[in-house]
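Take a look at the letters that make up each chain.
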Amino acid sequence: MSAISDPSAPLAPRVRFAPSPTGYFHVGGARTALFNWLLARRLGGRFVLRIEDTDRERSDPAWTEGILSALTWLGITWDEGPFFQSERRHLYDAAAKRLFAEGRAYACDCSPEAVRARTEQRATPGYDGFCRDRGLAFERGRALRYRVPDEGMTVVHDLVRGDVEFQNATIEDFVIVKSNGDPLFVLAVVVDDLDMAITHVIRAEEHLPTTPKAVLLWDALADGRPLPAFAHVPVLVNERRQKLSKRRDRVAVEDYRALGYLPEAMVNYLALLGWSPADGREVLSREEMIEEFRLEDVLRSPAFFDERRLLHFNGLYLRGLSQAEFIEHARPFLQGEHVPWAPGRFDASVFAALAPLVQERAGTLGEVPGLVAFLFVEPFEPDADAFAKAISSDVGAGPILQATIAALESVEFSPAALRQAIEEVAERAGRKLGKAQAPIRVATMGRATGLPLFESLEALGRERTLERLKVALGRLGSL
Ligand code: GLU
């Protein structure tokens, strides 16, 4: 049998995103949601959100909350739902009864052990059809299996993968209702896709193997309504070409949010996982993505989820913000519980003065507190490794600190004057400016890298700068 999606399907698609709330919301899920959303928005369609919580043991409302909040954060808005499969059980029960009454499904009382014992030696894996013609009544304690035709084949027309053929003989009579009465995922999905008049099923590649089962069920239940178009989007892999896994890789959208990634950067990067616009451009606004997204352009090959590229995108988007927007976005990261300074130490106007330089350098908003901590943490304590490297193990550091103290006693505290004074210190010490800056930077800012030195010293002010230089020098003398 071959079921073909109807070319006269309505132009305005009805798509669905159907996550199972069994864990943190995964970047792969977000990418699938985004592809659905882009298609719906481009063609003026509807995006339906359906929470697939039929697995009662693994589902948790807290995970659902996480999914809704992450989608909202990403700006992936839904038009209908969220619908909960746990509230739609009557529909699955009715479909199961119908399939049984029409002879398309049969009751089965085989235990898993019995099936295993009988089928171990068989060439074709899966259930052997033992109960097919036993005429068992459908009642509690018995599973319901779909009677898959022995002959022919089922073809899935996939917009990404082309036609994928499955010989019916290789598809076992699969369970659609468990012996405890719970409907199986494959049945619930088809019943819902029909009921919600879904036109495009865009989902993860891992669902391709169950799709012929869905096609069979659709043909049995749809009363002639055309199949949705299928598009199975490629799996995400890490740099070792392994499928992303939550044990190995950072996969939770929530983590990226907490680290200070911007939703716009995230959405832009996610869109490029398995898709790119025809002209190969990479930095795209949401409107451009909507305009240009085509399922036909989605690739089959696994997509590399490269955290470093995501970081690069985030930097681009951070730098694209206006200064006021940047300060606004940084605010929660500077005020939370996890800031390195004591409550009340933060000074918004001091931060605002340095904000443009911070914006130039930060990869994520989460890096912002670290870049400005030298201004607000008291008592100040340079990083021990940086101190050892740039000061205690550098014989020239002492004289440079000493000369800098002398020079900065009287110099005007502006970036230009500070630069000139420190350039002179460097010259007298016979060092390049960068090399001379290292001990000064570690003594006053606490680390070897970060914001530019002269603007930072201006923000720190003469008194604190001199005090820190003297402490470092004193510590060096007592080593
Ligand atoms: N609930 C499934 C999942 O979270 C998606 C099923 C589907 O999209 O058809 O992987």
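Details of the structure are given in the entry above.
Notes on the structure in this doc start here. (Residues numbered from 1 in each chain as written. Predicted model: local features only at pLDDT ≥ 70, side-chain atom pairs only at ≥ 80, totals over all residues. Heavy atoms only, no water.)

### Topic: the sheet that holds strand E5 (residues 143-146)
Spatially, E4-E5-E8 is the arrangement adopted by the three strands of the open sheet, whose pairing is antiparallel. The outermost strands of the open sheet, each flanked by one partner alone, are strand E4 (105-108) and strand E8 (175-177). Strand-to-strand, the axes of this sheet are offset by a mean angle of 40 degrees, without reference to chain direction. Here E5 pairs with E8 via two bridges, running antiparallel. When the sheet's bridge partners are listed, Leu-144 is paired in E8 with Val-177. (Pairing = 2+ DSSP bridges. Helix = DSSP H or I, 4+ residues; strand = E, 2+ residues; numbered from the N terminus. Axes fitted to C-alpha atoms, helices over the stretch in contact; angles between N-to-C directions.)

### Description of the environment of Trp-63
With respect to the helices and strands, Trp-63 occurs in helix H2 (residues 61-74). A C-alpha to C-alpha distance of 6.3 Å links Trp-63 and Thr-22, two positions 41 residues apart in sequence. Excluding anything up to four places from it in sequence, Trp-63 contacts Pro-21, Thr-22, Gly-23, Tyr-24 and Arg-58. (Contact = heavy atoms within 4.5 Å.)

### A word on the site of the ligand
Around the ligand, a shell composed of Arg-16, Ala-18, Pro-19, Ser-20, Glu-52, Phe-185, Val-189, Arg-203 and His-207 is seen. In this structure, Arg-203 approaches the ligand through a side-chain N or O atom, which is 2.7 Å from an oxygen atom. His-207 has a polar side-chain atom sitting 2.9 Å from an oxygen atom of the ligand. Burial of the ligand by the protein chains amounts to 83% of its free accessible area of 300 Å². Of the residues in the shell around the ligand, the class split is four nonpolar, two polar and three charged. (Near = heavy atom within 4 Å. Polar contact = N/O pair within 3.5 Å; in protein donor to acceptor, adjacent residues only side chain to side chain. Areas by Shrake-Rupley, 256 points an atom, 1.4 Å probe, with all protein chains shown as cover. Nonpolar A, V, L, I, M, F, W, Y, C, P; charged D, E, K, R; others polar.)

### Topic: the pairing of strand E7 (residues 162-167)
In this structure, strand E6 (residues 153-158) lies alongside E7, joined through six bridges in antiparallel fashion. Residue pairing in the sheet places Met-153 in a bridge with Gln-167 of E7.

### A closer look at the side chain of Asn-238
Tracing the sequence through the fold places Asn-238 in the loop between strand E11 (236-237) and helix H7 (253-259). A distance of 2.9 Å separates the side chain of Asn-238 from the backbone nitrogen of Arg-240, its partner in a polar contact. Side-chain polar atoms of Asn-238 contact the side chain of Asp-249, separated by 3.2 Å. Every residue in contact with Asn-238, bar those within four places of it in the chain, is listed here: Leu-244, Arg-248, Asp-249 and Phe-304.

### What to know about the nonpolar core
Counting 107 residues, the largest nonpolar core has Val-27, Phe-351 and Ile-391 as the members making the most contacts within it. If sequence neighbours within four positions are ignored, Val-27 has contacts with Leu-236, Leu-244, Val-251, Val-253, Tyr-256, Met-266, Leu-270 and Phe-305. Of all hydrophobic cores here, the second largest spans 36 residues; its members include Ala-95, Leu-144, Tyr-146 and Trp-218. (Core = buried A, V, L, I, M, F, W, Y, C linked by side-chain atoms within 4.5 Å. Buried < 20%, exposed > 50% of the residue type's maximum accessible area, 1.4 Å probe, protein only.)

### Some points on the packing of helix H14 (residues 384-392) against helix H17 (residues 433-445)
Packing of H14 against H17 leaves a shortest axis separation of 9 Å and a crossing angle of 145 degrees. Considering only the axes of H14 and H17, their crossing is left-handed. Touching Ala-386, Phe-387, Ala-390 and Ile-391 of H14 are Ala-438, Pro-439, Val-442 and Ala-443, all from H17. Per-class residue counts for the contact of H14 with H17 are eight nonpolar, no polar and no charged. (Left-handed = near helix turned anticlockwise from the far one by under 90°.)

### Some details on the packing of aromatic side chains
Within the structure shown, the criterion is met by 14 aromatic pairs. For the ring pair Tyr-146 and Phe-174, a centre distance of 5.5 Å and an interplane angle of 25 degrees mean the geometry is stacked. Here Tyr-146 is found in strand E5, whereas its partner Phe-174 is found in the loop between E7 and E8, with 28 residues between them in sequence. Neither residue differs from the other here; Tyr-146 and Phe-174 are each classed as buried. Look at Trp-341 and Phe-376: their rings are 5.2 Å apart centre to centre, the planes differ by 65 degrees, and that puts the pair in the edge-to-face class. With a gap of 35 residues between them, Trp-341 in the loop between helix H11 (323-335) and helix H12 (348-361) and Phe-376 in helix H13 (residues 368-376) connect regions that are remote in the sequence. Note on accessibility: Trp-341 and Phe-376 belong to one class, buried. Taken together, the aromatic side chains of Tyr-256, Tyr-261, Tyr-269, Phe-305 and Phe-313 make up a single cluster linked through ring pairs. Across the ring face of Phe-130, the terminal group of Arg-118 is positioned such that the distance to the ring centre comes to 4.0 Å. (Phe/Tyr/Trp six-rings, centres within 6.5 Å; stacked < 30°, edge-to-face > 60°. Lys NZ or Arg CZ within 6 Å of the ring centre and 35° of its normal.)

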